[in-house]
Each structure stands twice: as C-alpha cells, then as structure tokens.
Amino acid sequence: MKRRKFIKNASLTGVGLAVGATITSCEDKNSKAGTKENKEAIANLQGLPLVIATWHVKEATAKAMEVLQSGGNALDAVEQGCRVEEANEKGQSVGKGGLPDRDGNVTLDACIMDKNGNCGSVVYLQNITHAVSVARKVMEDTPHVMLAGEGAKQFAISKGFQPENLLTEASKKAWEKWKVEAKYKPIINIENHDTIGMLAMDKNGDISGACTTSGLAYKMGGRVGDSPIIGSGLFVDNEVGACVATGLGEEVVKTVGSFLVVELMRQGKSPQEACEEAINRIVSKPNSNYKDFQVGYIAINKKGETGHYSIHEGFSMTKFQDGNNEQLMSDFYHKSS
Ligand code: SD4
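Residues numbered from 1 in each chain as written. Predicted model: local features only at pLDDT ≥ 70, side-chain atom pairs only at ≥ 80, totals over all residues. Heavy atoms only, no water.

A short note on the nonpolar core
Grouped together as the largest cluster of nonpolar side chains are 46 residues, with contacts concentrated most on Leu-199, Val-261, Val-295, Tyr-297, Ile-300 and Ile-311. The element best represented in this core is helix α10 (residues 271-283), accounting for 6 residues. Among the nonpolar cores identified, the runner-up in size contains 39 residues, and Ala-53, Met-139, Ala-152 and Ala-156 belong to it. (Core = buried A, V, L, I, M, F, W, Y, C linked by side-chain atoms within 4.5 Å. Buried < 20%, exposed > 50% of the residue type's maximum accessible area, 1.4 Å probe, protein only. Helix = DSSP H or I, 4+ residues; strand = E, 2+ residues; numbered from the N terminus.)

In structure tokens form, the structure reads like this:
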C-alpha cells in the first residue's frame, strides 16, 4: 500500500456548524433527538454531504459523492459506491473476481441499512455480482432482513439480476496456487484491500451504510463473516451515527463490533474514541491472538465527525468531503513487533 501520508488519529474535521447553530450532543441525544431544535441544527450543518469507506477506494467514494451531489440520498450513495468495487474484477475480496472458498466457490456477503433503521442482508450468495443491491431488495421488497445461499440467489434472479461466473482467471490461479499447500491462515493485513464498507451522510444530515465482501480467501465452504450481520459488520442509528468493520469477521462478530461503536458514541465518545475502545475489547480478551489478525473500524457521528482505527498498521479510510477525496492512514493498536 502506498502510504502517501500518515494522518494520525481521527480526522478532526467534522461537519462545521453555522454560527449560532447548536447540535444535540451524544450525551443528551435521548432528550433532544428528533426535536425541532435538533432538526434546525442539522439543517445548518456545513461540510455535507460526506462519504467515508474502508480501505483505499477513491473511485467508490467518488461515485457515492456524485450520487449525493446530484440530489441522491445517503442510501443510494452507499449502494452505488459499493457497486463500483463489486464490479471491479481486480479487487479480490469483493464481488466479481473475489477469491473463492477452499472448494473454489466465490460466495458473497453484503448488507445495507438506512436512516430509519431498516436493513437487508444476503449471506453465502453465489453467481450474482451486486450483492449489495440484492441486500437492498431484501430490505425493500421482502418482509425479511436476511436471505442466504440458494434462496438469496433465486430471489435475486426473480428481481432481474443476471447469474454469472464470479471466479476470474486471476482468482482461479491464486486458488490453485493456494491448493498446493492448502494452509488456512487468515491474512493479517492485505495490502490494497478492497472489501468495502461505506457510510454516507447526505445534505439533510441523514446517514446510511453498506458493506459487501467475498469474505476471507479460502474460507471453509459455508462460512459467513461479520459483513452481512447487522450490528457486527455494520450498524446505523441515524440519531447517533454509524460504523462499519473490516478484517477478521469472526472477531468482529464476537464483540458485535459496529453496534458497540455506535453505542459508545451514544454514551458520548467521539467516533475515534469509540473505534479505539472497540478494538481494545478485541485485543484485551483473555488469550487474544490479535497479533495474528487484523480488524479495522470506521465511524461517523451525527455531527459529521469521523474516526478510524485498527489493530495493525496498514488500514486506511477513504474520505470524501468538501471536494477532497483522500486516503487517510489509520492509527493502530499494535505498535511494536
Ligand atoms: C469477513 N470482514 O468476511 C470480512 C472480510 C474483510 O477485510 O473485511 N476483510 O470476515
């Protein structure tokens, strides 16, 4: 990963408030959220719209920003932004071209969540590139939250998605090489990673999020990670903020990571503090082998402040705000080898 610059700690440039405007703090949110005063404060926010995403995905954030600038809402933005990476065959941890499981099957996990707390998710989806859009259809067109495997695929086809082979030649070759030794060891940090989690705040101050991945390379057949699990891979509470996770999903699920980050922000922590605390929960577990795996979080609060933090060096967040689309290297927990 090319490290243009190391921007330590949180991005402190939250959404600016117009003179005289006040905004409900996380601490007293319960009493004021949804009030006329709060709505007026949000209407005065500057620095919107705003998009953040895991890893170095400037084309995806640019697409999301384009949607927002042309009047689209945060939900449309995160869906469209994630689709860019799903369609990118070079990205080997999401959508088409994703690395397969140990049996050679590419299986996708994705979810999406809107400002009203509605959500949709697909797990173990095969042969459909745009898992995030199928997740949105689950949210909008079914009474369910989650569809899995063949049911998810048939639902997608019934909605007009075209089945296709997602295993590209490059990913097939990588899998064949892996099969020679067939050692299963989660990779600690993947350079130029592209499993994508995205959060957007539109001009009205409303937040939505999405997450899409082909999961861990060479995972066991049937394995599902954190990414499609609401509260683990993604959580949005439009009155507080939102969080999305990346890295070793099993560890995120065990601590319900994204929900934890949002609840910490509800209690008054900044997005940066909340991400750091959620990483601390993982690394401070008894007998944690955190030296062997990576987890990263990005978060946004209702003031438009953002945070990002990981266990190991190498994680980054892409942020698009006020015309700047930039990759920000994350601070990290494990400083010495
Ligand atoms: C998973 N969390 O399936 C995903 C993979 C990922 O960075 O995000 N890798 O566990």
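Still to come is the rest of the account.
Some thoughts on the side chain of His-308
Its place among the elements puts His-308 in strand β10 (residues 306-310). At 2.7 Å, the side chain of His-308 and the side chain of Ser-330 are in polar contact. (Polar contact = N/O pair within 3.5 Å; in protein donor to acceptor, adjacent residues only side chain to side chain.)

Some words on the pairing of strand β5 (residues 196-201)
For β5, the buried fraction is high: 6 of the 6 residues fall into the buried class. Residues of β5 alternate between two faces, with Ile-196, Met-198 and Ala-200 on one and Gly-197, Leu-199 and Met-201 on the opposite face, all of them buried. Here strand β1 (residues 50-54) pairs with β5 via 4 bridges, running antiparallel. Residue pairing across strands places Val-51 opposite Ala-200, the latter belonging to β5. Summarising the sheet, β5 and strand β6 (residues 207-213) pair through 6 bridges and their orientation is antiparallel. What sits directly across from Ile-196, in β6, is Thr-212. Once β5 ends, the chain turns through 5 residues before running back antiparallel as β6, passing Gly-205 with a positive phi of about 80°. (Pairing = 2+ DSSP bridges.)

Comments concerning the sheet that holds strand β12 (residues 324-329)
If you walk across this open sheet you meet the 8 strands as β4-β3-β2-β6-β5-β1-β11-β12, and the pairing is mixed. Pairing within the sheet leaves two strands with one partner each, and these edge strands are β4 (146-148) and β12. With direction set aside, neighbouring strand axes in the sheet form an average angle of 10°. Pairing of β1 with strand β11 (residues 316-321) involves 5 bridges; the strand directions are antiparallel. Bridge pairing in β11 links Thr-54 to Met-317. (Axes fitted to C-alpha atoms, helices over the stretch in contact; angles between N-to-C directions.)

Quick word on the pattern of salt bridges
Applying the stated criterion to the full structure yields 16 salt bridges. Of the charged contacts in the structure, one is a salt bridge between Lys-96 and Glu-164, with a shortest N-O distance of 2.9 Å. Of this pair, Lys-96 sits in the loop between α4 (74-87) and β2 (108-113) while Glu-164 sits in the loop between α6 (149-158) and α7 (169-181), and the two are 68 residues apart along the sequence. Of the charged contacts, one joins Asp-141 and Lys-159 as a salt bridge, the two residues approaching to 3.1 Å between their closest N and O atoms. Of the two residues, Asp-141 is situated in helix α5 (residues 131-141) and Lys-159 in the loop between α6 and α7; the sequence distance between them amounts to 18 residues. Owing to a relative accessible area of 36%, Lys-159 belongs among the partly exposed residues under this scheme. Each of Asp-76, Glu-79, Arg-136 and Glu-140 takes part in salt bridges that share partners, so that together they form one network. (Salt bridge = Lys/Arg side-chain N within 4 Å of Asp/Glu carboxyl O.)

Structural notes on the packing of α5 against α6
Viewed as axis vectors pointing N to C, α5 and α6 meet at an angle of 85°, and their least axial separation amounts to 10 Å. When the axes of α5 and α6 are compared, the pair comes out roughly perpendicular. Within the contact between the two elements, α5 uses Val-134, Lys-137 and Val-138 and α6 uses Ala-152, Phe-155 and Ala-156. A class-by-class count of the residues in the contact of α5 with α6 yields 5 nonpolar, no polar and 1 charged. (Parallel < 35°, antiparallel > 145°, perpendicular 65-115°, else oblique. Contact = heavy atoms within 4.5 Å. Nonpolar A, V, L, I, M, F, W, Y, C, P; charged D, E, K, R; others polar.)

Some remarks on the confidence of the model for the chain
Considering every residue of the chain, the mean pLDDT works out to 87; 84% of them sit at 70 or more. Segment residues 1-12: pLDDT under 50, and 32 contacts once partners within four positions in sequence are set aside and those in other chains are kept. Taken together, the stretch residues 17-33 has pLDDT below 50 and engages in 32 contacts with residues farther than four places along the chain or on a different chain. (pLDDT = per-residue confidence, 0-100.)

Examining unusual backbone geometry
Cis geometry marks the peptide bond from Leu-48 to Pro-49; its omega dihedral reads 0°. Its place among the elements puts Pro-49 in the loop between α2 (36-43) and β1. With phi around 50°, Ala-182 is a residue other than glycine that occupies positive phi space. In this structure, Ala-182 sits in the loop between α7 and β5.

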